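Overview (structure and organization)
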Amino acid sequence: MHAKIIENELKRAGYKVEIKGKITGVSGISHTFDIVARKKNKVLCFNIAEYDLLETLLKTLIRSIDLKNKAEVYLIASRKVVEEYGVNMVSKFRILSYDTREDLLNLIKQLIS
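As a starting point, this report considers the structure included with it. Because the structure is predicted, anything quoted here is derived from the model rather than measured.

With that settled, consider the pairing of strand 4 (residues 72-78). Taking burial as the measure, the seven residues of strand 4 include five buried ones, the bulk of the element. Alignment of strand 3 (residues 42-48) against strand 4, held across five bridges, turns out to be parallel. Directly across from C45, in strand 4, lies its bridge partner V73. Each parallel crossover has a hand, and for strand 3 linked through helix 2 (residues 53-67) to strand 4 it is right-handed.

For the pair helix 1 (residues 2-12) and helix 4 (residues 101-112), interaxial distance at closest approach is 10 Å and the crossing angle is 35°. When the axes of helix 1 and helix 4 are compared, the crossing they make is right-handed. Within the contact between the two elements, helix 1 uses H2, I5, I6, E9 and L10 and helix 4 uses R101, L104, L105, I108, K109 and I112. Of the residues in the contact of helix 1 with helix 4, the class split is seven nonpolar, one polar and three charged.

Rules of the game
Residues numbered from 1 in each chain as written. Predicted model: local features only at pLDDT ≥ 70, side-chain atom pairs only at ≥ 80, totals over all residues. Heavy atoms only, no water. Buried < 20%, exposed > 50% of the residue type's maximum accessible area, 1.4 Å probe, protein only. Helix = DSSP H or I, 4+ residues; strand = E, 2+ residues; numbered from the N terminus. Pairing = 2+ DSSP bridges. Right-handed = clockwise from strand over helix to strand, strands pointing away. Axes fitted to C-alpha atoms, helices over the stretch in contact; angles between N-to-C directions. Left-handed = near helix turned anticlockwise from the far one by under 90°. Contact = heavy atoms within 4.5 Å. Nonpolar A, V, L, I, M, F, W, Y, C, P; charged D, E, K, R; others polar.

As structure tokens, then:
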């Protein structure tokens, strides 16, 4: 559900979108994200934490570190879950937390404008 919302908004903004997209890190390892979006020299990678925030956070953070400056990496999670765990932002890695579908859509619009 959330992936489709993000995919549609990215496409409207002119991004080429891959669901379960791959991007190679500086280590040479290919990393898979729920969504990879490309537009000119900008690459956005999204993982969606639907069930296990901590596991998804750790995997996404490790991938983010390996990507260095190749992409901006985002973790999508509900605001309630993010606040429960008390996590927020590290370097080029950001967690986008939301309350409603409209909140999520507004966050994506702000991100890509």
